[in-house]
Amino acid sequence: MRSVNKIALLTSGGDSQGMNAAVRAVVRSALFRGIEVYGIQHGYQGLLNEDLHPMDLRSVGDIIQRGGTILQTARCKEFHTPEGQRRGADCLRKNGIDGLVVIGGDGSYRGANDLSKLGIKTMGLPGTIDNDISFTDFTIGFDTAVSIVVDAINKLRDTMSSHERSSIVEVMGRHCGDIALYAGLASGAESILVPEVPFDVREISGRMKENFQKGKRHSIIIVAEGVGRGDNIARQLQEYSGIDARVTVLGHIQRGGAPTHNDRILASRLGDFAVQKLIEGDSGKACGTIKGELVTTDIEQVVTTKKDFNMELYNLAIRLAQ
Ligand code: ADP
Ligand code: F6P
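Computed from a predicted structure; not experimentally measured.

Each value, and the rule that gives it
Residues numbered from 1 in each chain as written. Chains lettered and ligands numbered in written order. Predicted model: local features only at pLDDT ≥ 70, side-chain atom pairs only at ≥ 80, totals over all residues. Heavy atoms only, no water. Helix = DSSP H or I, 4+ residues; strand = E, 2+ residues; numbered from the N terminus. Rg over C-alpha atoms; globule rule 2.2 N^0.38 Å. Buried < 20%, exposed > 50% of the residue type's maximum accessible area, 1.4 Å probe, protein only. Contact = heavy atoms within 4.5 Å. Areas by Shrake-Rupley, 256 points an atom, 1.4 Å probe, with all protein chains shown as cover. Lys, Arg positive; Asp, Glu negative; His and termini not counted. Charge placed at Lys NZ, Arg CZ, Asp CG, Glu CD. Near = heavy atom within 4 Å. Polar contact = N/O pair within 3.5 Å; in protein donor to acceptor, adjacent residues only side chain to side chain. Nonpolar A, V, L, I, M, F, W, Y, C, P; charged D, E, K, R; others polar. Pairing = 2+ DSSP bridges. Axes fitted to C-alpha atoms, helices over the stretch in contact; angles between N-to-C directions.

Below, the discussion takes up the overall build of the protein. The helix and strand tally for the protein stands at 11 helices and 11 strands. Taken over C-alpha atoms, the radius of gyration comes to 22 Å for the protein, in line with the 20 Å a tight globule of 322 residues would show. Across the 322 residues that make up the protein, the buried fraction comes to 54%. For the protein, restricting intrachain contacts to residue pairs at least 6 apart in sequence, the fraction spanning at least 24 positions comes to 75%. Looking at the protein as shown, the accessible area adds up to about 14,000 Å², and 49% of this sits on carbon and sulfur atoms. Positive and negative side-chain charges in the protein, numbering 38 and 39 respectively, have mean positions lying 2 Å apart.

In structure tokens:
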């Protein structure tokens, strides 16, 4: 006896590259195992509007390489309320859905956890560029976002060196400095400003000045949006160091474009794993990889545990950026 025969899936919160690859994996993995699959459009809002439709093999063709999400995404206020969550659970039951896969970030996981407490079998997949989900090495979309930032910094270096300027690059990451950290290390940024580590703009300015005196022709300062606006930091850096500064806010560029092969592979593995776990009768779990191995963790634990910041990588970046 299988514990699910008809499942649904939705994407929710900020989209991320690789969500489509995850949708494809869930749909194809379920159909391969003889399970019916329904796609819910517009996240939890679509669930409340009963906006769901059957998905077949061809409905997920030609999407593995596309950014965004064919299921659309949304932020739904009503789903924060117990009444909204109860309506969502009722809608799934009414349509005979006995398992739900939620692809999204921390907020979307909280919604899935609430549904699970109402008796719905749920599985979460970490779809966010922020990499702010605990109990997984990486989230789907993070690798692509970092590569976009690195590519932008490569270009900025050319012009900043020609003019002997500093480049302040503001990147996404609401409460998490991982995009800044990984992109900063990969692009040789001189300073990486993240919400997890205190910093002193005067000290950074002093170091920048010294480095210019020693012959550096440019300086890359990467700022996670969680620490404040890049233009404020740029103004202070320019004032304290006397070095001309320019700000680049990469914004939503970081959330678009084709996913990297790493994100496609992660999404494919996790999507298939979520279906397998639902079939085995697991519920209320978040899927992830730890040291590359597929794992599930109680969603409750995931949403109440802050992801560790990788100080080893941070210190390495500092050591190498002299
Ligand atoms: P992300 O999933 O990317 O973190 P949000 O935080 O915006 O994005 O959450 C996406 C949606 O998940 C919200 O619009 C809301 O519908 C639902 N959600 C967020 N937090 C909760 C919560 N505490 N309880 C129930 N649903 C929630
Ligand atoms: O959580 C993903 C994220 O891209 C954050 O990095 C960013 O702060 C936020 O979403 C932006 O949200 P919106 O798409 O609503 O502007």
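On we go.
Turning to the site of ligand 1, a few remarks are in order. As a matter of local geometry, ligand 1 sits amid 17 residues, with Arg75, Cys76, Gly107, Ser108 and Asp114 nearest to it. A distance of 2.7 Å separates an oxygen atom of ligand 1 from a polar backbone atom of cysteine 76. Between ligand 1 and aspartate 106, the relevant distance is 3.3 Å, taken from an oxygen atom to a main-chain nitrogen or oxygen of the residue. For ligand 1, whose accessible area on its own is 560 Å², the fraction buried by protein is 85%. Counting residues per element, the shell around ligand 1 draws most heavily on helix 4 (residues 106–117), at 6 residues. Split into classes, the residues belonging to the shell around ligand 1 amount to 3 nonpolar, 9 polar and 5 charged.

Here we come to the sheet that holds strand 11 (residues 293–298). Read across the sheet, 7 strands follow the order 3-2-1-4-5-10-11 without closing on themselves; strand pairing throughout is mixed. Each edge of the sheet is formed by a strand with only one pairing partner; in this case those strands are strand 3 (52–54) and strand 11. Between one strand axis and the next, the sheet turns by 30° as a mean value, whatever way the strands run. Pairing geometry for strand 4 (residues 99–104) and strand 5 (residues 122–126), over 5 bridges, is parallel. Directly across from glycine 104, in strand 5, lies its bridge partner proline 126. Along the sheet face, helix 9 (residues 261–279) touches strand 1 (6–11), strand 4, strand 5, strand 10 (285–290) and strand 11 and points at about 170° away from the line of strand 5.

Even without a glycine there, the phi angle at glutamate 50 is positive, about 55°. Turning to its location among the elements, glutamate 50 is positioned in the loop between helix 2 (43–48) and strand 3. What makes glutamate 50 partly exposed here is its relative accessible area of 35%. A positive phi angle, close to 65°, is found at aspartate 62, a residue other than glycine. On the secondary structure map, aspartate 62 appears in the loop between strand 3 and helix 3 (82–94).

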